[in-house]
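Architecture at a glance
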Amino acid sequence: MKYLKINTEETTDSETLKNAILQMKGVVSVEIIDDENPESELKKAFAKTKEQLKKGDYETLVNDIFDILTKNNPKK
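Small disclaimer: the values here were computed from a predicted structure and weren't measured.

1. Structural notes on the overall build of the chain
When helices and strands are tallied, the chain shows three helices and zero strands. Beginning at the N terminus, the succession of helices and strands in the chain can be written as α-α-α. Burial analysis of the chain (76 residues in total) assigns 4% to the buried set. Carbon together with sulfur atoms contributes 55% to the accessible area of the chain, which is approximately 7700 Å² in total.

Laid out in structure tokens, this is it:
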């Protein structure tokens, strides 16, 4: 898999750009990463998981993991 990094101005409508890129042939997904907010999605996910384990919210934890697995591996 190859990645393309696009740097934008502050005034750029990121969602519109994302939708335009998704229309291109061969583009599988587009992820908007905000360098101004250094907390990664992985860090957020670990923090959420940690809280779910502390609370004993295992059902939601399992559902979240299942959603991630099915979302990232679409059936072809």
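2. So, the confidence of the model for the chain
Mean pLDDT over the chain stands at 81; residues scoring 70 or higher make up 83%. In the model of the chain, helix α3 (residues 58–72) stands out as the element of lowest mean pLDDT, 79, in contrast to helix α1 (residues 14–22), which has the highest, 91.

3. A short note on the pattern of salt bridges
One pass over the full model with this rule turns up two salt bridges. Across the salt bridge formed by Lys48 and Asp64, the nearest N and O atoms sit 3.2 Å from each other. Linking Lys48 in helix α2 (residues 41–55) with Asp64 in helix α3, this pair joins segments that are 16 residues apart in sequence. For Lys48, a relative accessible area of 46% puts it in the partly exposed group. Classification of Asp64 by relative accessible area gives partly exposed; the value is 21%. Linking Lys54 and Glu51 is a salt bridge whose minimum nitrogen-to-oxygen distance equals 3.8 Å. Separated by three residues within a single helix, Lys54 and Glu51 lie in helix α2, roughly one turn from each other. Classification of Lys54 by relative accessible area gives exposed; the value is 60%. A relative accessible area of 38% places Glu51 in the partly exposed class.

4. Description of the environment of Val62
Here Val62 shows up in helix α3. Judged by relative accessible area, which is 52%, Val62 ranks as exposed. Sequence separation between Val62 and Gln52 is 10 residues, and the spatial gap between their C-alpha atoms is 10.0 Å.

5. Quick word on the environment of Ile65
Mapped onto the secondary structure, Ile65 falls in helix α3. C-alpha of Ile65 to C-alpha of Ala45: the two residues are 20 residues apart in sequence and 10.0 Å apart in space.

Rules used in this analysis
Residues numbered from 1 in each chain as written. Predicted model: local features only at pLDDT ≥ 70, side-chain atom pairs only at ≥ 80, totals over all residues. Heavy atoms only, no water. Helix = DSSP H or I, 4+ residues; strand = E, 2+ residues; numbered from the N terminus. Buried < 20%, exposed > 50% of the residue type's maximum accessible area, 1.4 Å probe, protein only. Areas by Shrake-Rupley, 256 points an atom, 1.4 Å probe, with all protein chains shown as cover. pLDDT = per-residue confidence, 0-100. Salt bridge = Lys/Arg side-chain N within 4 Å of Asp/Glu carboxyl O.

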